[in-house]
Amino acid sequence: MASTAAGKQRIPKVAKVKNKAPAEVQITAEQLLREAKERELELLPPPPKQKITDKEELNDYKLRKRKGFEDNIRKNRTVISNWIKYAQWEESLQEVQRARSIYERALDVDHRNITLWLKYAEMEMKNRQVNHSRNIWDRAITILPRVNQFWYKYTYMEEMLGNVAGCRQVFERWMEWEPEEQAWHSYINFELRYKEVDKARSIYEALVMVHPEVKNWIKYANFEEKHGYIALGRKVFERAVEFFGEDHISESLYVAFARFEEKQKEFERVRIIYKYALDRIPKQQAQELFKNYTVFEKRFGDRRGIEDVIVSKRRFQYEEEVKANPHNYDAWFDYLRLVESDADPDTVREVYERAIANMPPIQEKRHWRRYIYLWINYALYEELEVKDPERTRQVYQACLEVIPHKKFTFAKIWLLYGQFEIRQKNLQNARRGMGTAIGKCPKNKLFKGYIELELQLREFDRCRKLYEKYLEFSPENCTTWIKFAELETILGDTERARAIFELAIGQPRLDMPEVLWKSYIDFEIEQEEYDNTRGLYKRLLQRTQHVKVWISYAQFEMSIDSDDRIQRCRQIYEEANKSMQGCEEKEERLMLLESWRDFEEEFGSFANKDRVQKLLPEKVKKRRKLTAEDGSDAGWEEYYDYIFPEDAANQPNLKLLAMAKMWKKQQQQEDEDEEEQEEEEEEEEQQVPQGKEPQETSEPEEQEPAAHREQKENDNDDRDDDESSSSSSSSSSSDSESEKDHKDDKDKTEQTKVDAEKE
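Everything quoted here is computed from the prediction, not taken from an experiment.

Colleague: Explanation requested: the side chain of Glu-124 in the structure shown.
Modeller: Tracing the backbone through its elements, the reader meets Glu-124 in helix α6 (residues 114-126). Here Glu-124 falls in the buried class, since its relative accessible area comes to 0%.

Colleague: Honestly, the packing of helix α5 (residues 96-109) against α6 in this entry has me stumped. Any pointers?
Modeller: Helix packing for two helices is described by the angle between their axes and how far apart those axes are. Where α5 meets α6, the axes come as close as 11 Å, and the angle between the chain directions of the two elements is 160 degrees. Between α5 and α6, the angle falls in the class roughly antiparallel. Considering how the two elements wind past one another, α5 and α6 form a crossing that is left-handed. Each of Val-96, Ala-99, Arg-100, Tyr-103, Glu-104, Ala-106 and Leu-107 in α5 lies in contact with α6, whose residues at this interface are Leu-116, Trp-117, Lys-119, Tyr-120, Met-123 and Glu-124.

Colleague: When you look at the packing of helix α3 (residues 55-75) against helix α4 (residues 80-92) in this model, what are you seeing that I'm missing?
Modeller: Two numbers describe how α3 lies on α4: the axes approach to 9 Å, and their chain directions differ by 160 degrees. On the basis of their axis angle, the class for α3 and α4 is roughly antiparallel. Like other packed secondary-structure pairs, α3 and α4 cross with a definite hand, here left-handed. Here Tyr-61, Lys-62, Lys-65, Arg-66, Phe-69, Glu-70, Asn-72 and Ile-73 of α3 come into contact with α4, specifically with Asn-82, Trp-83, Lys-85, Tyr-86, Trp-89 and Glu-90. Within the contact of α3 with α4, the residues separate by chemical class into six nonpolar, two polar and six charged.

Colleague: Explain the pattern of salt bridges here, please?
Modeller: For side chains of opposite charge, pairing can occur when their charged atoms come near one another. Under the definition given, this model contains 27 salt bridges. Across the pair Arg-337 and Asp-334 runs a salt bridge, and its minimum N-O distance is 3.0 Å. Here Arg-337 and its partner Asp-334 are both found in helix α19 (residues 329-342), three residues apart, which amounts to about one turn of the helix. Among the ionic contacts, a cluster of salt bridges with common partners joins Asp-346, Arg-349, Glu-382 and Arg-391.

Colleague: Mind showing me how you'd approach the nonpolar core here?
Modeller: One recurring pattern in soluble globular proteins is that nonpolar side chains are buried together. In terms of nonpolar packing, the biggest core is built from 75 residues, with Phe-150, Phe-237, Leu-253 and Leu-289 touching the most fellow members. Considering every element that reaches this core, the biggest residue donor is helix α14 (residues 251-263), with seven residues. Ignoring sequence-local partners within four residues, the contact set of Phe-237 consists of Ile-218, Ala-221, Leu-253, Ala-256, Phe-257 and Phe-260. Among the nonpolar cores identified, the runner-up in size contains 36 residues, and Leu-336, Val-339, Ile-372 and Phe-420 belong to it.

Colleague: Which parts of the structure should I look at to understand the packing of aromatic side chains?
Modeller: Geometry of an aromatic ring pair is reported as the spacing of the ring centres plus the angle between the planes. Inspection of the entire model under this criterion finds 25 aromatic pairs. Between the aromatic rings of Tyr-61 and Trp-89, the centroid separation amounts to 6.3 Å while the plane-to-plane angle is 65 degrees, which identifies the pairing as edge-to-face. With Tyr-61 in helix α3 and Trp-89 in helix α4, the pair connects residues that are 28 residues apart, well separated along the chain. The class for Tyr-61 is partly exposed, based on a relative accessible area of 25%. Ring geometry for Trp-217 and Phe-243: centres 5.5 Å apart, planes at 40 degrees, overall tilted. Highlighted residues: Trp-217 in helix α12 (residues 214-226) and Phe-243 in helix α13 (residues 230-244), separated in sequence by 26 residues. Overall, Trp-217 belongs to the buried group, its relative accessible area being 1%. According to the relative accessible area criterion, Phe-243 is partly exposed, its value standing at 42%.

Quick notes on the rules
- Residue indices begin from 1 for each chain and proceed along its sequence in written order.
- Totals for whole chains, interfaces and linings use all residues, but because this is a predicted model, local features are given only for residues with pLDDT of at least 70 and pairs of side-chain atoms are given and counted only at 80 or more.
- To get the side-chain values, take all heavy atoms of the structure and skip hydrogens and water.
- Numbering of helices and strands starts at the N terminus; helices are DSSP runs of H or I of at least 4 residues and strands are runs of E of at least 2.
- The classification of residues rests on relative accessible area computed with a 1.4 Å probe and restricted to protein chains. Under 20% of the type maximum is buried, over 50% is exposed, and intermediate values are partly exposed.
- For helices, the axis comes from a line fit to the C-alpha atoms of the stretch in contact; other axes are also lines fit to C-alpha atoms, and the angle between any two N-to-C directions lies between 0 and 180 degrees.
- Geometric relationships in this document are graded by angle, where less than 35 degrees denotes roughly parallel, more than 145 denotes roughly antiparallel, 65 to 115 denotes roughly perpendicular, and other angles denote oblique.
- Each crossing gets its handedness from the near helix: less than a right angle anticlockwise from the far helix is left-handed, clockwise is right-handed.
- Pairs of residues are marked as contacts when any of their non-hydrogen atoms sit within 4.5 Å.
- The classification used treats Ala, Val, Leu, Ile, Met, Phe, Trp, Tyr, Cys and Pro as nonpolar, Asp, Glu, Lys and Arg as charged, and all other residues, Gly among them, as polar.
- Salt bridge, as applied in this entry: a Lys or Arg side-chain nitrogen positioned within 4 Å of an Asp or Glu carboxyl oxygen.
- Throughout, nonpolar core names a set of buried Ala, Val, Leu, Ile, Met, Phe, Trp, Tyr and Cys residues whose side chains join them through atoms within 4.5 Å.
- Any pair of Phe, Tyr and Trp rings, taking the six-membered ring for Trp, is counted once the centres come within 6.5 Å. Such a pair is stacked with planes under 30 degrees apart, edge-to-face with planes over 60 apart, and tilted for the rest.

Pasting the structure below:
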């Protein structure tokens, strides 16, 4: 009793948990495993390497290892990996008999484990135990006949050993189980490797019965075709068609059948097969069939036969469109594109004739533009597709007869006709056609095309005549004059080119005279006729005083390698500045002075630079009144104006106006300062009743701007006195006029900045 009491005392009391609520931070099993992994709690250090020196130590090692393997197996017999490791270890020690015993024991445990059988058989084959391997494979395929891997390994082993009969026997046993298609094909390939075509055929016969699918029938037929049995291949396809019937008809079967007959050049059979299939297969399921039939007809048959089957729907739509609106030329283009791809030339010609019969009802060129392309496409089709030059010529001639040339024409048609005749090596007809075009309806494009044609033929005399006709037709076209002169220059006749330029600049009307003059000047520069170039510049300046002409003239003088080029260039700038003093375009005059300034900065002296700098104008912002189209006031807009020193000297009232504006601005500033002073005094008076003496802090604040203003006025008065001393005589005689001008200028414009007169 005492012992039991002592035992009871030794049992610790279970602590009572007062708070059984879950903890705020929960620890999951995943977290425990992760921490164990991170801390490597379960990782054991690798055992130390042992070096065995004698047989007894080796036996002890084997005993320990075997005991360990047996213990693992005893703990869990169903873990096959332990058995496999045990057997492989024994095999590594060349203990094949022990390894075999372990595999047999493992098979007693789990005879349906595929890996176990494979490892067992591989061990026997590795150790060249052929009979043992056969025994194992036989046992495996008997117990697990649906595992294809066993059959593949077994047949491969027999074939590698050269046991063809044994391999065939294994395949026969396998085929009795009716395996998947790949197994049959492996058997067929095995027989074909040993040239057993008849046996392969019998296997195919069994295959299409066991797996009656379309692809297997097609493979069977291709097999017969490959080995040269065409009749048997055709018979296989016929049997397949009968086998599937109309209930399970397949598109791919008929496509393969047709391709088979196509390879045999049996085109009528192919056509019959396609028609038979198209009659029985729904159209939405026969897209591939349609496609192959179209390709076949394009390659070997007439297009008329397939046209009704393939393009009947689209053709019907186009027919409806052109019937609804015969002048819908876009619909005609689509329709013609369709028939060109799928119809014979006669059908295409018929559609083209129907299309070109719909002439535009109004003789206006914009309505004829799309219509003319019908003729162009017609002619190109006859020339390129049908290759009928005579009919192409008839199409071009008919088109030219249809066009009303007195009202308008199409140069494209004439040029295409001429190029066609050149391609046909009929130069006389080409020239006759182009001459007719120029005579009936001369156009710039026609002349250019004809001249280009003759240039390619190197007929320069004809080119000269054509240029003369062209200039008679359009003497104001500067491009033509330039091209004519360039032709003469290329031919080396510079006098003739110069005469052409002289005639050109003498024309009363020109569309681009500046381009013509530039080309003439460039021509003379290329010929290094600098005196003639100077004469051209002077003649051009008599016609126009454009600033770019002056700048170009000056740059030309600088480009000549001579001693007095800088003096000549400066003289041109001076003449340009003098001639442009009365110019209204002040921006152009500014451009000239800036160019002159850049020239002097690069080549001139300090005095010349200073002189040009004094000629530059002052930029002034002004305002002007805008008036709307109906005469109402539209507000004011600001703009920039340039006042040149010469202009300021010619207008003495500008000085007086500037002084008046400055005086007004000072008066406004004084008024603002007085208002600020009054406001500050009012604020101080409001603070006096509160018992606080007003601090005289505003007086210095007022005195300081007043002193500043007084100093500013004195400075302005001194500057005005200095500046007005030079113009006192002119200002005293025009006091009344200056006041009137001041009022007028104040109404019109308000200048914010005026520069003092420069001495």
